[in-house]
Amino acid sequence: MNVNEYIASVLETVKKRNPGEAEFHQAVEEVLETLKPVIEAHPEFQAAGLIERLVEPERIIKFRVPWVDDSGKVQVNRGYRIQFNDAIGPYKGGIRFRNNVTESVIKFLGFEQIFKNSLTGLPIGGGKGGSDFDPKGKSDAEVMRFCQSFITELYKYIGADVDVPAGDIGVGGREIGFMFGQYKRLTGLYEGVLTGKGLTYGGSLARTEATGFGLCYFTEEMLKANGKSFKGQTVVISGSGNVAIYAAVKATALGGKVVAMSDSNGYIYDKNGIDIAAVKQIKEVRRGRIKEYLSDHKDAVYGDNCSDIWGVKCDIALPCATQNEIDEASAKKLIANGCYCVSEGANMPSTPEAIAALQGAGVLFGPAKAANAGGVATSALEMSQNSMRYSWTFEEVDEKLHGIMVNIFKNCDEAAAKYGMPGNYAAGANIAGFLKVANAMMAQGIV
Ligand code: NDP
Ligand code: 2IT
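Let me begin by describing the structure that accompanies this report. (Residues numbered from 1 in each chain as written. Chains lettered and ligands numbered in written order. Predicted model: local features only at pLDDT ≥ 70, side-chain atom pairs only at ≥ 80, totals over all residues. Heavy atoms only, no water.)

### Considering the overall build of the chain
Then, number 1: In terms of regular secondary structure, the chain is built from 16 helices and 12 strands.
Then, number 2: For 447 residues, the compact-globule estimate of 2.2 N^0.38 gives 22 Å, and the chain sits close to it at 21 Å.
Then, number 3: Overall size of the chain, expressed as C-alpha extent along the three principal axes, is 65 × 55 × 45 Å.
Then, number 4: The buried share among the 447 residues of the chain stands at 57%.
Then, number 5: Relative to all contacts within the chain whose residues are 6 or more apart in sequence, the contacts with residues 24 or more apart total 72%.
Then, number 6: Accessible area of the chain: about 17300 Å², with a carbon and sulfur share of 51%.
Then, number 7: Each charge sign in the chain was given a centre, from 48 positive and 52 negative side chains, and these centres are 3 Å apart. (Helix = DSSP H or I, 4+ residues; strand = E, 2+ residues; numbered from the N terminus. Rg over C-alpha atoms; globule rule 2.2 N^0.38 Å. Buried < 20%, exposed > 50% of the residue type's maximum accessible area, 1.4 Å probe, protein only. Contact = heavy atoms within 4.5 Å. Areas by Shrake-Rupley, 256 points an atom, 1.4 Å probe, with all protein chains shown as cover. Lys, Arg positive; Asp, Glu negative; His and termini not counted. Charge placed at Lys NZ, Arg CZ, Asp CG, Glu CD.)

Dropping the structure here:
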């Protein structure tokens, strides 16, 4: 079988075996298409059925999460943990709580996580979990009861040297705290089983900032390699959660001007530059809506369709909300308005058609699994600190994070060039991430 036939047959099996899982199919197809030259150069991978094994999760854990709401009514959600690949380290990846979570969403995220984690250079395998529970609009007590129920099932499958979950959409410090407390109570173990913990019980300084900061460090390297920088550039950032907020902080510190941000209801545009402290107050402290920004920012305007944010004129766009938020039409709007750099803070925020349009127009494209790897990299640094029973200063962690992101860019750039696709950082990320995992899998036999 030649490489095209081999990849086509693996994709066909993935589609047959995972019917209706559009997000998962999309993520697998994007990776496998760019791996063709590597698979061609390494016939031993095909002989070892390596790609067939790579696309099949090692384990899917799926469970009932019953809890009682504040009115006394019993609620039932579904929980997931997908332990995708542990060739290079214990499973590692976030937990997402959002009403649109399905097995397909967790599978796509877990698959992406394998390559992302490999790119960090740290010893972490790929996994992801979540639930169709949405913390928005729930009381703290409801969130606590849900998290306790979720961990009462999941604790059997995780551990500091087994599988280490963290945050993602809908899971921040509050949720991690509740889950850590319940894990400790059930197991009697005080161990680094989760990352993104609070600073008083084993969390790492700079983990909160890490994904957004890391995104800007990666983007800065990509800009630098192409004779540009953040200085004086207009930046649009979608979302207003953990990743978006700290991307806005760092993009501003590096000299950019962030003019628009969003949530799932709409977006704000402030020609004076977004007042990030105000966004933090609304989203982190009050858990409110981005629209509230207008009440004390008279020059700001609000649009009630969040995807219209891609129509705001900018030089650099950082999608930091969710999957498939930039479709082909949005990509074309960005290009028409002169945007020359799109760097992904969210996971898979651009559709395949959008990526093709952006790359076709010569837009610098920073792929999620490389650009947003700073979060999980810093989670791995949190694991190291927990193992050492020690903690580094903010500056120490930030410096390590910066070094990791510089290195990730360099590896993506070099891998893309080596396999005949210079400047295609998406292909470079897939290839560089894949090779380490592939070599580890080859060494460990058919498992
Ligand atoms: P948060 O829950 O902190 O914030 C999510 C933000 O995205 C909110 O502003 C939310 O709006 C918005 N959003 C969520 N879903 C949608 C949707 N369907 N349409 C439009 N907007 C939406 O999550 P994070 O900031 O942690 O995560 C954002 C992205 O970054 C995700 O793709 C996540 O997988 C990725 N990521 C996160 C990392 C981390 O360390 N946290 C690491 C690497 C990637 P609203 O307030 O209305 O819900
Ligand atoms: O998508 C991601 O990389 C995350 N949500 C962070 C995972 C982690 O383990 O820190």
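### Notes on the packing of helix H8 (residues 207-225) against helix H15 (residues 394-418)
Then, number 1: For the pair H8 and H15, the least separation of the axes is 9 Å and the interaxial angle reads 45°. Here H15 runs oblique to H8, going by the angle between their axes. Crossing hand, H8 versus H15: right-handed. Contacts from Glu 209, Ala 210, Phe 213, Gly 214, Tyr 217, Phe 218, Glu 220, Glu 221, Met 222 and Ala 225 of H8 reach H15 at Phe 394, Asp 398, Leu 401, His 402, Met 405, Val 406, Ile 408 and Phe 409.
Then, number 2: Counted by class, the contact of H8 with H15 contains 12 nonpolar, 2 polar and 4 charged residues. (Axes fitted to C-alpha atoms, helices over the stretch in contact; angles between N-to-C directions. Parallel < 35°, antiparallel > 145°, perpendicular 65-115°, else oblique. Left-handed = near helix turned anticlockwise from the far one by under 90°. Nonpolar A, V, L, I, M, F, W, Y, C, P; charged D, E, K, R; others polar.)

### Details of the nonpolar core
Soluble globular proteins tend to pack their nonpolar side chains together in the buried interior.
Then, number 1: Leu 32, Phe 111, Ile 237, Met 261, Leu 318, Ile 408 and Phe 434 are the most contacted members of the largest nonpolar core, which totals 101 residues.
Then, number 2: No other element matches the 10 residues that helix H16 (residues 425-443) contributes to this core.
Then, number 3: If near-sequence neighbours (up to four positions away) are discounted, Phe 111 is found in contact with Phe 24, Ala 27, Val 28, Val 31, Leu 54, Val 55 and Phe 84.
Then, number 4: The next biggest cluster of nonpolar side chains, apart from the first, holds 22 residues, and it includes Trp 67, Ile 176, Val 193 and Leu 194. (Core = buried A, V, L, I, M, F, W, Y, C linked by side-chain atoms within 4.5 Å.)

### Details of the sheet that holds strand E6 (residues 234-238)
Then, number 1: As summarised here, the arrangement of the 7 strands in space is E9-E8-E7-E6-E10-E11-E12, forming an open sheet in which the pairing is mixed. Both outer strands of the open sheet, strand E9 (301-303) and strand E12 (364-366), are each paired with one neighbouring strand and no more. Each neighbouring strand pair of the sheet contributes to a mean axis angle of 20°, computed without reference to strand direction.
Then, number 2: By the bridge criterion, 4 bridges tie E6 to strand E10 (residues 316-319) in an arrangement that is parallel. In the sheet register, Val 236 faces E10, and the bridge partner there is Ala 317.
Then, number 3: Where helix H9 (residues 242-253) meets the sheet, its contacts fall on E6, strand E7 (257-262) and E10, and the angle it forms with E7 comes to roughly 170°. (Pairing = 2+ DSSP bridges.)

### What to know about the site of ligand 1
Then, number 1: Close to ligand 1 lie 27 residues, the nearest being Arg 98, Asp 168, Ser 264, Arg 289 and Asn 347.
Then, number 2: At a separation of 3.3 Å, an oxygen atom of ligand 1 approaches a polar side-chain atom of Lys 283.
Then, number 3: In the model, an oxygen atom of ligand 1 is placed 2.8 Å from a nitrogen or oxygen of the Asn 347 side chain.
Then, number 4: Contact with the protein chains covers 87% of the free accessible surface of ligand 1, which is 890 Å².
Then, number 5: The set of elements that each furnish at least two residues to the shell around ligand 1 consists of H8 and H9.
Then, number 6: Its residues assigned to classes, the shell around ligand 1 shows 6 nonpolar, 12 polar and 9 charged. (Near = heavy atom within 4 Å. Polar contact = N/O pair within 3.5 Å; in protein donor to acceptor, adjacent residues only side chain to side chain.)

Nothing here speaks to function; it is geometry throughout.
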